[in-house]
Amino acid sequence: VQAEASSLLKSTATPEDNNPLYQTVLDLSTKQLAHNEECLYRTCAGITTFKVQDPDPFAVDKGRVLGIRIEAFTNGKFIRPYYVFLNKPYKGSQIMRVHRHTVPPCIPLAGLAAKYLPSPATGSDEVLKVRKQDLPRFVRCLRREISSYHNRVAAIAGLRKAFGLDVKKGRNKGKGRELVIRDISAADAEAKQIRFEWVDGRIGRAVVDGKGEIQKCVIIGEDGRDRDMERRILGGNRTIDEVAERIGMAIQI
């Protein structure tokens, strides 16, 4: 759009304020430049803010709302961003509180808000002594929690893919891995633990960190703990690809 606008501007328009074609092209070029800058900023920053006007005539603080956009990146692409909206409900104070948000329940947003955006101890108009709020740290910690959650979910998806658990029946027949591992799934809503299930009855539970790497693992079968498999999973590099490879090697032995 900008290239076409520049070409059209040079060939048919003169730089005069009263030239309608010149003004149209200039407006289009300015809008496109602003759009490009916004896209570049969102891509590099990960966290952006914007202002929102609440249409409710009875909204607090005259309807002024601060919007925070948090970008999430997983599996080589950006997913739908998360939004947090803040307002100032306390008269004569700059104290903010979470008004609305699109963050899933598995992210501890309420705990982070209580820690970094504490509310006053009273519900009256006069705000009593309250701990200082730290909005930048609240947003950084929230984004870290969101990124960690998606890293863990991607780690579980990677293990399922490595063992062919999401492949339809009849495909990749005879590879062997999916015939030994029955299921791999998240054991909790936050995906901080992975549950392994073997066809021979062994059950495993592993703890995953924010980077998607396995930190702890316990596997129990009919004869007690399978410490050999535990050592295979926890030995060396604990990335999902390495763990899947070691489990696969143990299956072939």
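Structural data are supplied above this passage.
Rules of the game
Residues numbered from 1 in each chain as written. Predicted model: local features only at pLDDT ≥ 70, side-chain atom pairs only at ≥ 80, totals over all residues. Heavy atoms only, no water. Buried < 20%, exposed > 50% of the residue type's maximum accessible area, 1.4 Å probe, protein only. Helix = DSSP H or I, 4+ residues; strand = E, 2+ residues; numbered from the N terminus. Arc of directions from axis to C-beta. Contact = heavy atoms within 4.5 Å. Patch = residues over 30% accessible without salt bridge, like charges linked within 9 Å, V, L, I, M, F, W, Y side chains within 5 Å. Areas by Shrake-Rupley, 256 points an atom, 1.4 Å probe, with all protein chains shown as cover. Salt bridge = Lys/Arg side-chain N within 4 Å of Asp/Glu carboxyl O. Lys, Arg positive; Asp, Glu negative; His and termini not counted. Charge placed at Lys NZ, Arg CZ, Asp CG, Glu CD. Core = buried A, V, L, I, M, F, W, Y, C linked by side-chain atoms within 4.5 Å.

(A) Layout of helix 3 (residues 109-116). Of the positions making up helix 3, those classed as buried are Leu109, Leu112, Ala113 and Tyr116. The arc that holds every buried residue of helix 3, seen down its axis, measures 100 degrees, which confines them to one face. Opposite the packed face of helix 3, turned more than 90 degrees from it, sit the exposed residues Ala110 and Lys115. Packing partners of the buried residues in helix 3 comprise strand 5 (82-87), strand 6 (97-101) and helix 4 (135-162).

(B) View of a positive patch on the surface. A surface patch of positive charge is lined by Lys115, Arg137, Arg140 and Arg144. Per-element tally for the positive patch: the top contributor is helix 4, with three residues. Examined against the element boundaries, Arg137 turns out to sit in helix 4.

(C) Structural detail: the nonpolar core. Counting residues in hydrophobic clusters, the biggest one holds 41 residues, and the most contacted among them are Leu142 and Phe196. Of the residues forming this core, the biggest block, eight residues, is contributed by helix 4.

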